[in-house]
Amino acid sequence: MPGWTLATLIGLSLTFSVVPSAAGGDKPGAPITIEYHGQSFYIITTSKGKRIAFDPHLIPEYGRVEGLKADIICISHNHNDHTRVDALENNKAAKILRGLKTASLKSDWNIVEETVGDIKVRTVGVYHDDQEGLTRGKVGVFIVEVDGWKIAHLGDLGHLLTPAQLKRIGPVDVLMIPVGGIYTLNGSEARKVVDQIKPKEYVFPMHYGTKVFDATLPPDEFFDLLEKRRLAISDDNVLKLNRDEQRPRPLFVQLHYWPKEEKKDVKKK
């Protein structure tokens, strides 16, 4: 059982302290929201309502949530469970940023350094495997800075990070990390990467097996030996992030892969 309930998470999300961001600025973290749509598909909504999507998919088992939109879409690599921009209804109007230069599975990194309004986005090149990309190619880690938060989405990372990669990623507040093994880091490897990066505020697992899609392993190994007070499991797929001083740091959060109000409808399809 988790040490923090959904009700506790909701209560914490209503209070924001003035702790400076781990990104090094003086600006406190303004309210931002994170939502999960299964696999590695996350959407961040900023305090100004701008939406940043990461690795959208259309895996049939997860159904399709209608009406999803994004202003920026970040694609870490070219496998088709990470590239489906058509999961977002306004994708033709969105700015699409790609971690690789071309659509080839053997493509080289596309080093992104972009500022869109008050949102800064950059990439760091890593590999999909532990053989420098020989089996599964390359991946772009996306780092987003907005509202005093520094957010890192690791894509399909498949290895421990080198000192040079860690330096380029830099300090992180919110980490989204693959934990399901087989194609990416497994649970124990992912914990080592968390220890390497040392995210200050939140850790969100991704790319793991679920009741509806079990192509990879569940997140159990990732949570193994974790203090109960540092784990929160939600029955919804949305959370407002906060800097409440009473919250454990970092807090490990497993969001559901469906919006709460749509679970029954999706299950029937």
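Relevant structure appears above.
Note that this is a predicted model, so its numbers are computed, not measured.

A.B. asks: So what's going on with the nonpolar core? Residues and values would help.
C.D. replies: Ranked by size, the top nonpolar core spans 60 residues in total, and within it Ile177 and Phe204 carry the most contacts. Here this core takes 6 residues from strand β8 (residues 138-146), the largest share from any one element. Among all residues touching Ile177, those that are not within four sequence positions of it are Leu154, Leu185, Ala190, Val193, Val194, Val203, Phe204, Pro205, Met206 and Phe222. Counting 12 residues, the second largest nonpolar core, distinct from the first, contains Ile43, Ala53, Ala70 and Leu88.

A.B. asks: So, the sheet that holds strand β2 (residues 42-45): which residues are in play, and what are the values?
C.D. replies: Overall, mixed pairing links the 6 strands, which are arranged β5-β4-β3-β2-β1-β13 in an open sheet. Looking at the sheet topology across the chains shown, the edges are occupied by β5 (95-98) and β13 (238-241). Each strand axis lies, on average, 20° off the axis of its neighbour in the sheet, ignoring direction. Bridge count between β2 and strand β3 (residues 51-54): 4 bridges; the pairing is antiparallel.

A.B. asks: Describe the environment of Glu201, and please don't skip the residues or the numbers.
C.D. replies: Note on placement: Glu201 falls in the loop between α3 (187-197) and β11 (202-206). Each C-alpha atom of the pair Glu201 and Pro250 lies 4.4 Å from the other, and the pair is 49 residues apart in sequence. Beyond its immediate sequence surroundings of up to four residues, Glu201 is in contact with Trp149, Asp173, Asn242, Arg243, Arg247, Pro248, Arg249, Pro250 and Leu251. A distance of 2.4 Å separates a polar atom in the side chain of Glu201 from a polar atom in the side chain of Arg247.

A.B. asks: Requested: an account of the sheet that holds strand β7 (residues 119-127), with residues and values cited.
C.D. replies: Taken together, 8 strands build an open sheet; the order of strands is β6-β7-β8-β9-β10-β11-β14-β12 and the sheet is mixed. Each of the sheet's edge strands pairs with one partner strand only, and the pair in question is β6 (113-116) and β12 (231-233). Neighbouring strand axes in the sheet, compared pairwise and without regard to direction, differ in orientation by 20° on average. Here 3 bridges tie β12 to strand β14 (residues 251-254), and the two strands are oriented parallel to one another. Bridge pairing in β14 links Leu231 to Phe252. Set on the sheet, α3 makes contact with β10 (174-178), β11 and β14; between it and β10 the angle comes to about 155°.

A.B. asks: Would you mind going over empty space enclosed by the protein in detail, with residue names and values included?
C.D. replies: Gaps left between atoms show up when a probe the size of a water molecule is rolled over them. Taken as a whole and judged by the stated rule, the model has 2 cavities of 30 Å³ or more. Here the largest cavity defines a volume of roughly 90 Å³. His37, Phe41, His57, Leu58, Tyr62, Gly63, Arg64, Val65, Leu68, Ala87 and Tyr257 together form the lining of the largest cavity. Considered class by class, the residues forming the lining of the largest cavity number 7 nonpolar, 3 polar and 1 charged. Volume-wise, the second largest cavity comes out at about 30 Å³. Residue lining of the second largest cavity: His77, Asn78, His79, Leu100, Leu105, Arg136, Gly137 and Lys138, and that is the complete set. Of the residues contributing to the lining of the second largest cavity, the split by class is 2 nonpolar, 4 polar and 2 charged.

A.B. asks: Mind laying out the layout of surface pockets, listing which residues take part and the relevant values?
C.D. replies: Empty space within the largest pocket amounts to approximately 340 Å³. Taken together, the residues of the lining of the largest pocket sort by class into 7 nonpolar, 5 polar and 4 charged.

A.B. asks: Describe a nonpolar patch on the surface, with residues and values.
C.D. replies: Together, Ile182, Tyr183 and Leu217 line one region of the surface with nonpolar side chains, adding up to about 280 Å² of accessible area. Here Ile182 shows up in the loop between β10 and α3.

A.B. asks: Got a sec to walk through the side chain of His37? Specific residues and values, please.
C.D. replies: Mapped onto the elements, His37 comes out in the loop between β1 (32-36) and β2. What makes His37 buried here is its relative accessible area of 5%. Aside from chain neighbours lying at most four places away, what touches His37 is Ile43, His57, Val65, Leu68, Asn237 and Tyr257.

A.B. asks: Tell me what's going on with unusual backbone geometry, and back it up with residues and numbers.
C.D. replies: Of note, the amide linkage connecting Arg249 to Pro250 takes the cis form, showing an omega dihedral of -15°. As for its placement among the helices and strands, Pro250 is situated in the loop between β13 and β14. One non-glycine residue with positive phi stands out, namely Asp147, at about 55°. Residue position: Asp147 is located in the loop between β8 and β9 (149-153). Asp147 sits in the buried class, given a relative accessible area of 4%. Despite not being glycine, Ile182 has its phi angle at roughly 65°, a positive value.

A.B. asks: Residues and numbers for α3, please.
C.D. replies: Within α3, the full set of buried residues consists of Gly187, Ala190, Val193, Val194 and Ile197. Considered in projection along α3, the buried side chains sweep an arc of 115° and stay on one side of the axis. Remark: Lys198 follows α3 within two positions and exhibits a positive phi of approximately 55°.

Cut-offs used in this document
Residues numbered from 1 in each chain as written. Predicted model: local features only at pLDDT ≥ 70, side-chain atom pairs only at ≥ 80, totals over all residues. Heavy atoms only, no water. Core = buried A, V, L, I, M, F, W, Y, C linked by side-chain atoms within 4.5 Å. Buried < 20%, exposed > 50% of the residue type's maximum accessible area, 1.4 Å probe, protein only. Helix = DSSP H or I, 4+ residues; strand = E, 2+ residues; numbered from the N terminus. Contact = heavy atoms within 4.5 Å. Pairing = 2+ DSSP bridges. Axes fitted to C-alpha atoms, helices over the stretch in contact; angles between N-to-C directions. Polar contact = N/O pair within 3.5 Å; in protein donor to acceptor, adjacent residues only side chain to side chain. 1 Å grid on protein atoms, 1.4 Å probe; cavity = no way out; pocket = protein on both sides within 12 Å on 5 of 7 lines; lining within 4 Å. Points joined across faces, edges and corners; volume = space filled by probe spheres on them. Nonpolar A, V, L, I, M, F, W, Y, C, P; charged D, E, K, R; others polar. Patch = residues over 30% accessible without salt bridge, like charges linked within 9 Å, V, L, I, M, F, W, Y side chains within 5 Å. Areas by Shrake-Rupley, 256 points an atom, 1.4 Å probe, with all protein chains shown as cover. Salt bridge = Lys/Arg side-chain N within 4 Å of Asp/Glu carboxyl O. Arc of directions from axis to C-beta.

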